[in-house]
Amino acid sequence: MPKKRTASLPGVTDKRIDALVTLLADNATVVISGAKIAEEIGVSRQSVWRWIETLRSLGVKVKGHGSSGYHIEQAPDILAPQMLSHRLYGTAFAKRIYHYFKIDSTNTVALQLGEQGEPHGAVVLAEAQTAGRGRAGRKWISEKSAGIHCTVLLRPKISPALAPLLTIVAGLAARDAAAEELDGIPDIRWPNDILVNGRKFSGVLTEMQAEPDRMHYAVVGIGINVNQTKMPAELAGIATSLRMETGKIHSRIDVLVRLLRHLDRYYNLFIAEGATPILRRFAEVSSYFQGKRVRITTAIETFTGVTAGLEPSGVLRVLRDDGGGIEPVLSGDVAEAS
Ligand code: BT5
């Protein structure tokens, strides 16, 4: 597996834009001339001007112009790799962070990276996704710079049968990252929805490349609605954002750092100690773990029952209402039933 090579990815954010964001953030409130910026990051003043316009279109409040100099009034909430990398020091996710202003899907990029031999721990981020996806070909609405769209590349030496546990590990991380921002207590609806007050604000999509007994790599994509002020009509009533819950603007970079730090912690716990501590934590924080009346829709059928814990592989157990006993649910949709 090549360690040092940096993948060549069309459309990935130019490292110099990353440097520009970091420079402005590090010098927030200080006026820096266009010429000085151009010199520091090694580009023409024309490029500086163009990139400043890009940042403005993303909602970063950059004051001034080339001749007078630029400054920002507060640190920009762009998920810039340089800034993130410092804050993720000591985790598996600090070294290889790929950022896009716009991409089809961060999971698609991460799958390509996996194919190219990129090491464990690479992170792909996008300010906006044009084809963000959920499970079974569904779509994940990925509004420009309002949410977090993040995929990590993992290379665990586990059987593919344990892949559902990676979804649970990521769900726990997203849940904990959001809990610190919310007044209400977030819930996890097996397998991959994070809810608050009954509405979904985060989802996880795990995809993998594997042989029957060996996982080559998995990509775990996490979407979190952070600063949306309303949801599109198709999601009205079923989805929410941190901002819609609290009435406050939240720092996406803070939420992302917490997400990846919690993910690092849960992932390491899973690799060191197996499923048990992960399932124990899931039982603590998910009302769907046990004793919840649910309607299950799988590829073959819809039935109702009561949840009865998870199997060690992360599969949900449901005691069927129709007398059919305990049904292990490998994948499917879970809805609360009355
Ligand atoms: C999921 O699928 O919830 C997985 C979502 C994973 C998104 C991340 S973003 C980064 C990475 N890159 C990707 O392309 N994907 C991952 P599922 O359980 O199938 O739920 C999909 C359903 O959630 C849709 O059919 C909608 O009903 C709803 N939905 C779509 N966008 C939403 C949003 N922004 N917030 C809340 N619910 C949404």
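The notes below deal with the structure included here.

Reading the values: rules and limits
Residues numbered from 1 in each chain as written. Predicted model: local features only at pLDDT ≥ 70, side-chain atom pairs only at ≥ 80, totals over all residues. Heavy atoms only, no water. Pairing = 2+ DSSP bridges. Helix = DSSP H or I, 4+ residues; strand = E, 2+ residues; numbered from the N terminus. Axes fitted to C-alpha atoms, helices over the stretch in contact; angles between N-to-C directions. Contact = heavy atoms within 4.5 Å. 1 Å grid on protein atoms, 1.4 Å probe; cavity = no way out; pocket = protein on both sides within 12 Å on 5 of 7 lines; lining within 4 Å. Points joined across faces, edges and corners; volume = space filled by probe spheres on them. Nonpolar A, V, L, I, M, F, W, Y, C, P; charged D, E, K, R; others polar. Buried < 20%, exposed > 50% of the residue type's maximum accessible area, 1.4 Å probe, protein only. Arc of directions from axis to C-beta. Polar contact = N/O pair within 3.5 Å; in protein donor to acceptor, adjacent residues only side chain to side chain.

1. With respect to the sheet that holds strand 3 (residues 97-103)
The strand order 3-4-5-9-8-7-6 describes an open sheet built from 7 strands, whose pairing is mixed. Two strands in the sheet have a free side with no partner beyond their single neighbour: strand 3 and strand 6 (187-189). Between one strand axis and the next, the sheet turns by 20° as a mean value, whatever way the strands run. For strand 8 (residues 199-211) and strand 9 (residues 214-225), the ladder comprises 10 bridges, and the chain directions are antiparallel. Across the sheet, Ser 202 pairs through a bridge with Ile 224, a residue of strand 9. Sheet strands touched by helix 6 (residues 163-179): strand 5 (147-154), strand 6, strand 7 (193-196), strand 8 and strand 9. Its angle to strand 8, the strand with the most contacts, is close to 150°.

2. Brief notes about unusual backbone geometry
With an omega dihedral of -5°, the bond running from Trp 190 to Pro 191 counts as a cis peptide bond. When you line up the elements, Pro 191 lands in the loop between strand 6 and strand 7. The phi dihedral of Asn 197 falls on the positive side, at around 50°, and the residue is not glycine. On the secondary structure map, Asn 197 appears in the loop between strand 7 and strand 8.

3. Digging into the layout of surface pockets
In this structure, the largest pocket spans a volume of roughly 770 Å³. Lining the largest pocket we find 46 residues, and of these Gly 134, Lys 139, Trp 140, Asp 193 and Lys 200 sit closest to its centre. For the lining of the largest pocket, the secondary structure elements donating two or more residues are helix 5 (106-115), strand 5, strand 7, strand 8, strand 9, strand 10 (290-297) and strand 14 (333-336). Here the lining of the largest pocket gets 5 residues from one element, more than from any other, and that element is strand 8. Tallied by class, residues from the lining of the largest pocket come to 16 nonpolar, 18 polar and 12 charged. Space inside the second largest pocket adds up to approximately 660 Å³. As for the second largest pocket, its lining consists of 25 residues, of which Gly 59, Gln 74, Asp 77, Asn 227 and Ile 249 are closest to the centre.

4. Some words on helix 5
Looking at helix 5, one finds that the buried residues are Thr 106, Asn 107, Val 109, Ala 110, Leu 113 and Gly 114. In an axial view of helix 5, the angular spread of the buried residues amounts to 160°, which keeps them on one side of the axis. Its side-chain oxygen 3.1 Å from the backbone nitrogen of Asn 107, Ser 105 forms the N-cap of helix 5. Two residues or fewer past helix 5, Gly 117 is found with a positive phi of approximately 90°.

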